[in-house]
Amino acid sequence: MTDLPIELDVLAVFAHPDDAELSVAGTLLKLKALGYRTGVCDLTLGEMGTRGTPELRAKEALDAAGILKLDARVNLEQPDGHVWLTEASRTAAVRVIRAHRPRVILTTHWDDPHPDHAATCRIVREAARLATMARYDAEGGQPAVKMPAIAHSLFSRLVVPSFIVDVSDFVADKMQAIRAHESQFYREESHEPTTRISDKGFLPEIEDRMRYYGSLIGVAAGEPFYVREALNVDDPVALLSRPMNIYS
Ligand SMILES: [Zn+2]
C-alpha cells in the first residue's frame, strides 16, 4: 500500500473516508482476488463528521485499506461539507487520474442526496475527460491519459443497474473494512453523538442491500453499478447465458 503514483487498473473515488468501503468494497476485494491493482481516492479527510477526528479517520482509512488489500490510497484534502466542482478540485482529480492511470473508475451517482457525493461524481466525470487533454494542467508535468471508463455505484431504486457484481465471497471482508472506521459506526460503549450511520440498524441495512442486489442475479450478495455509456459486448451468448433471475 502506497500513496506513490503507481499504475492501477481500478480507482474508486469517493467523498469521505468510509464511502468507498460502504459502496464498492466487495467489488474492490473481488477485483483484487482476480489480480487487478486497486486503489481508493478519498476527496476529503471527513473533518465535518460528527464523530471521530481527521487524525483518527486517517488511521481508520489506512486500516481499512489493509483489509481491502489496496495497492494505493490517496486523499485530495478537499474541504469536507464543501466539495464543489471548481478548477482546483478538477485539477486535483486530473492529477490523481494521471498519476495512477486507472482503466476503470468507480464513483458515486450524480443524483446522490449528499451534496459532497453528487459533487464528487461531477468532479470525477469532468476530470476523467480533462485528463485526456494534453494541454489541460500542462504545468502539472504529467502526460495525458486514455479516458478511463466510469461506473457509478448505486443505491436508488429509481436507477436501474447496468450490471451487478457478485460479491458473495467478499461480504465478511467488506463488513470488516467498514468496521475499521469504528469511530463512525455503532458501538455500545461509544458516548459520541448519534448519527444516521452510527445507528444500530445501519450496518445490517448495508448487508440487506447487498442481499437484495444479489437476489436480482440469483446470488447471495451483489453490488450494483450504472454505466452511462453503451456497453460494448463481444459475446452476447456468453453474457446472457450466465445465471440470471427472471423475477428481477
Ligand atoms: Zn460520504
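Everything below is about the structure shown above.
Below you will find a few notes about this structure. Because the structure is predicted, anything quoted here is derived from the model rather than measured.

## Overview of the packing of aromatic side chains
Here the structure, examined in full by the defined rule, presents four aromatic pairs. Seen from their ring centres, Trp-110 and Tyr-226 are 5.9 Å apart, and the 75° between their planes marks the pair as edge-to-face. With Trp-110 in the loop between strand 4 (104–107) and helix 4 (115–130) and Tyr-226 in strand 7 (residues 222–226), this residue pair connects regions lying 116 residues apart in the sequence. The partly exposed category is assigned to Trp-110, whose relative accessible area is 26%. Pairing Phe-185 with Phe-202 gives two aromatic rings, centres 6.1 Å apart and planes at 5°, and the pair type is stacked. Residue Phe-185 is found in the loop between helix 5 (171–179) and helix 6 (202–215), and its partner Phe-202 is found in helix 6; the two are separated by 17 residues along the sequence. Comparing Phe-185 with Phe-202 shows no difference in burial state: the two are buried. Against the face of Trp-110 rests Arg-228, its NZ or CZ located 5.8 Å from the ring centre.

## What about the coordination of the zinc ion?
Distances from the zinc ion to its protein donors, namely His-16 (ND1), Asp-19 (OD), Asp-19 (OD) and His-117 (NE2), fall within the range 2.1 to 2.3 Å. Mapped onto the polypeptide sequence, the residues donating to the zinc ion form the spacing pattern H-x2-D-x97-H. Here His-16, found in the loop between strand 1 (10–14) and helix 1 (19–33), pairs with His-117, found in helix 4; they are 101 residues apart in sequence, far enough to count as distant. Overall, the relative accessible area of 7% leaves His-16 in the buried class.

## Re empty space enclosed by the protein
Per the counting criterion, the structure on display carries one cavity of 30 Å³ or more. Of the voids in this model, the largest cavity is the one considered here, and its volume is about 40 Å³. Val-13, Cys-41, Leu-43, Leu-76, Ala-93, Val-96, Ile-97, Ile-123 and Val-124 together form the lining of the largest cavity. Elements with a minimum of two residues in the lining of the largest cavity: strand 2 (38–44), helix 3 (87–100) and helix 4. Examining the composition of the lining of the largest cavity, we find that three residues originate from one element, helix 3, more than from any other. A per-class count over the lining of the largest cavity returns nine nonpolar, no polar and no charged.

Rules of the game
Residues numbered from 1 in each chain as written. Predicted model: local features only at pLDDT ≥ 70, side-chain atom pairs only at ≥ 80, totals over all residues. Heavy atoms only, no water. Phe/Tyr/Trp six-rings, centres within 6.5 Å; stacked < 30°, edge-to-face > 60°. Helix = DSSP H or I, 4+ residues; strand = E, 2+ residues; numbered from the N terminus. Buried < 20%, exposed > 50% of the residue type's maximum accessible area, 1.4 Å probe, protein only. Lys NZ or Arg CZ within 6 Å of the ring centre and 35° of its normal. Donors = N, O, S within 2.8 Å, 3.2 Å for Na, K, Ca; no water. 1 Å grid on protein atoms, 1.4 Å probe; cavity = no way out; pocket = protein on both sides within 12 Å on 5 of 7 lines; lining within 4 Å. Points joined across faces, edges and corners; volume = space filled by probe spheres on them. Nonpolar A, V, L, I, M, F, W, Y, C, P; charged D, E, K, R; others polar.

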